[in-house]
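# Inside the fold
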Amino acid sequence: MFYTIVGTQWGDEGKGKIVDWLSSKADYVARFQGGNNAGHTIKVDNNVYKLNLLPSGIIRNKKCLIGNGVVLDPWALINEIRNLRNQKIQIDKDNLFIAENVCLILPIHKLIDEINELSLGNNLIGTTKKGIGPAYEDKVGRRAIRLCDIFDKKNLKKKIENALFHHNPIRKGLGIKEVKSDNILNQLYDITDFIKPYVTNIWNDLIKLQSENKNILFEGAQGMLLDNDHGTYPFVTSSNTVASSAATGSGCGPNTINYVLGITKAYTTRVGEGPFPTELNDKIGKLLGVRGKEFGT
């Protein structure tokens with residue numbers, strides 16, 4: 001059975017806690033969109049675990065998948081893995097699997113993300129400035145570096161140069177120093193050995209898991225009102241957050257999703273910027289924020 005959990009508001013509905021609860025019945029937990037802007041906090045006993053890229057099931061030692069619909073910051077992933085290992089969470093090639101065709105967030109994306117956001121003045125989108133939007137732009141523009149590319153040393157430099165053919169003129173126009181391909185190349189070479197054990201063909205794995213009647217829990221990031229098509233555009237995220245994205249973001253067919261669960265809070269909060277006409281700017285709103293611990297990072 002394939003299950004999908006999505007937020008029905010603007011995010012922060014408590015999806016991570018629900019996924020953590022439901023993962024006891026799951027064989028695998030999968031992420032299918034977003035990047036390391038998706039903050040899930042899990043509390044088990046007296047331990048607090050903060051997740052941005054890894055599926056919440058990793059805390060329960062479930063087998064976890066990161067699908068092709070995610071944009072992956074490999075350096076952020078490595079830091080997250082190391083931090084959780086320091087908290088005695090097991091993460092290795094036997095319980096973490098990353099799609100070989102996932103697109104990467106590179107250092108060049110972060111600076112452009114910040115500049116794009118600040119250039120909006122009073123009309124900020126409220127991005128996390130982690131390079132997620134520009135990485136999705138490169139994906140759609142067919143110039144992204146995918147995870148499988150970093151193991152193809154023969155062609156990697158050419159692909160980086162193709163991306164910089166787009167980025168360097170923008171940087172020059174903004175008065176920012178242009179980037180040399182070797183700088184990015186060397187940074188990617190530094191993390192290749194760490195990442196390689198986790199890389200696999202996710203869509204093919206899902207076909208096998210379906211034939212074995214495994215329970216797969218798809219974990220959405222953000223909320224439906226931040227969907228790039230169906231949300232409060234332009235104050236949205238850079239990916240599709242609705243349930244159907246579980247299929248495109250992992251490589252399984254839409255008819256394989258057996259059940260969709262939408263998570264809603266009793267009160268509404270808004271992630272990022274944008275209109276929020278029901279916001280309570282009074283002591284009740286402040287109380288809800290404090291009691292709900294809504295002021296995260």
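Each remark here, short or long, concerns the structure printed above.
Right, let's walk through the structure included here. (Residues numbered from 1 in each chain as written. Predicted model: local features only at pLDDT ≥ 70, side-chain atom pairs only at ≥ 80, totals over all residues. Heavy atoms only, no water.)

### A short note on the overall build of the protein
Counting its regular elements, the protein contains nine helices and 11 strands. Over its C-alpha trace the protein gives a radius of gyration of 19 Å, about what one expects of a compact globule, namely 19 Å for 297 residues. Projected onto its principal axes, the C-alpha coordinates of the protein cover approximately 50 × 50 × 40 Å. Burial analysis of the protein (297 residues in total) assigns 48% to the buried set. For the protein, restricting intrachain contacts to residue pairs at least 6 apart in sequence, the fraction spanning at least 24 positions comes to 73%. Here the protein holds 38 positive side-chain charges and 31 negative ones, and the gap between their average locations is 3 Å. (Helix = DSSP H or I, 4+ residues; strand = E, 2+ residues; numbered from the N terminus. Rg over C-alpha atoms; globule rule 2.2 N^0.38 Å. Buried < 20%, exposed > 50% of the residue type's maximum accessible area, 1.4 Å probe, protein only. Contact = heavy atoms within 4.5 Å. Lys, Arg positive; Asp, Glu negative; His and termini not counted. Charge placed at Lys NZ, Arg CZ, Asp CG, Glu CD.)

### Things to note about the side chain of T192
Mapped onto the fold, T192 is located in helix α6 (residues 181-195). Under the relative-accessibility criterion, T192 is labelled buried at 9%. In this structure, T192 is in contact with I150 and F151, ignoring residues within four places of it in sequence.

### Describing the environment of K172
The residue K172 is located in helix α5 (residues 153-173) in this model. When the C-alpha positions of K172 and L104 are compared, they lie 23 Å apart, and in sequence the two are 68 residues distant.

### Details of the pairing of strand β3 (residues 40-44)
Taking every second residue as pointing to the same face, the buried face of β3 carries H40, I42 and V44, while none of T41 and K43 on the other face is buried. Both β3 and strand β4 (residues 47-51) contribute to a ladder of five bridges, which runs antiparallel. Across the sheet, the residue bridging to H40 is L51, located in β4. Following β3, the chain reverses through two residues before pairing antiparallel with β4; D45 in that reversal takes a positive phi of roughly 55 degrees. (Pairing = 2+ DSSP bridges.)

### Regarding the sheet that holds strand β9 (residues 199-200)
The sheet built from seven strands is open, its strands ordered β9-β7-β5-β2-β10-β1-β11 with parallel pairing. Looking along the sheet, the strands with just one partner apiece sit at the ends: β9 and β11 (257-263). Looking at chain direction, strand β2 (residues 28-31) and strand β5 (residues 63-66) are connected through four bridges and run parallel. Along β5, the bridge assignment pairs A30 with L65.

### Structural notes on the pattern of salt bridges
Under the counting rule described, the total for this entry stands at eight salt bridges. With a closest N to O distance of 3.1 Å, K110 and D73 form a salt bridge. Of this pair, K110 sits in helix α3 (residues 107-118) while D73 sits in the loop between β6 (71-72) and α2 (74-86), and the two are 37 residues apart along the sequence. We classify K110 as partly exposed; its relative accessible area is 34%. Residues D182 and K157 are paired through a salt bridge, measuring 3.3 Å at the closest nitrogen-oxygen approach. Of this pair, D182 sits in helix α6 while K157 sits in helix α5, and the two are 25 residues apart along the sequence. (Salt bridge = Lys/Arg side-chain N within 4 Å of Asp/Glu carboxyl O.)

### Examining a nonpolar patch on the surface
Taken together, the side chains of L280, I284 and L288 present a nonpolar region at the surface, about 240 Å² in accessible area. Here L280 lies in the loop between β11 and α9 (283-291). (Patch = residues over 30% accessible without salt bridge, like charges linked within 9 Å, V, L, I, M, F, W, Y side chains within 5 Å. Areas by Shrake-Rupley, 256 points an atom, 1.4 Å probe, with all protein chains shown as cover.)

### Re the packing of α2 against α6
Between α2 and α6, whose axes approach to 10 Å, the crossing angle comes to 45 degrees. Looking at the two axes, α2 sits oblique to α6. Here α2 runs over α6; the crossing is left-handed. Along its contact with α2, which presents P74, W75, L77, I78, I81, R82 and R85, the element α6 presents Q187, L188, I191, F194 and I195. When the residues that make up the contact of α2 with α6 are grouped by side-chain class, the tally is nine nonpolar, one polar and two charged. (Axes fitted to C-alpha atoms, helices over the stretch in contact; angles between N-to-C directions. Parallel < 35°, antiparallel > 145°, perpendicular 65-115°, else oblique. Left-handed = near helix turned anticlockwise from the far one by under 90°. Nonpolar A, V, L, I, M, F, W, Y, C, P; charged D, E, K, R; others polar.)

### Observations regarding the pairing of strand β10 (residues 216-219)
Covered by surrounding structure in β10 are I216 and F218 together with L217 and E219, the residues of both alternating faces. Pairing geometry for β2 and β10, over four bridges, is parallel. Among the inter-strand pairings, A30 is bridged to a residue of β10, identified as F218.

### Notes on unusual backbone geometry
That bond from Y233 to P234 is cis: its omega, 10 degrees, falls within 30 degrees of zero. Checked against the element boundaries, P234 lands in the loop between β10 and α8 (245-248). Phi is positive for D12, close to 60 degrees, though the residue is something other than glycine. By the element assignment, D12 lies in the loop between β1 (2-7) and α1 (15-22). Owing to a relative accessible area of 41%, D12 belongs among the partly exposed residues under this scheme. Phi at K88 is positive, roughly 70 degrees, even though this residue is not glycine. Structurally, K88 is set in the loop between α2 and β7 (96-99). Note on K88: relative accessible area 75%, which makes it exposed.

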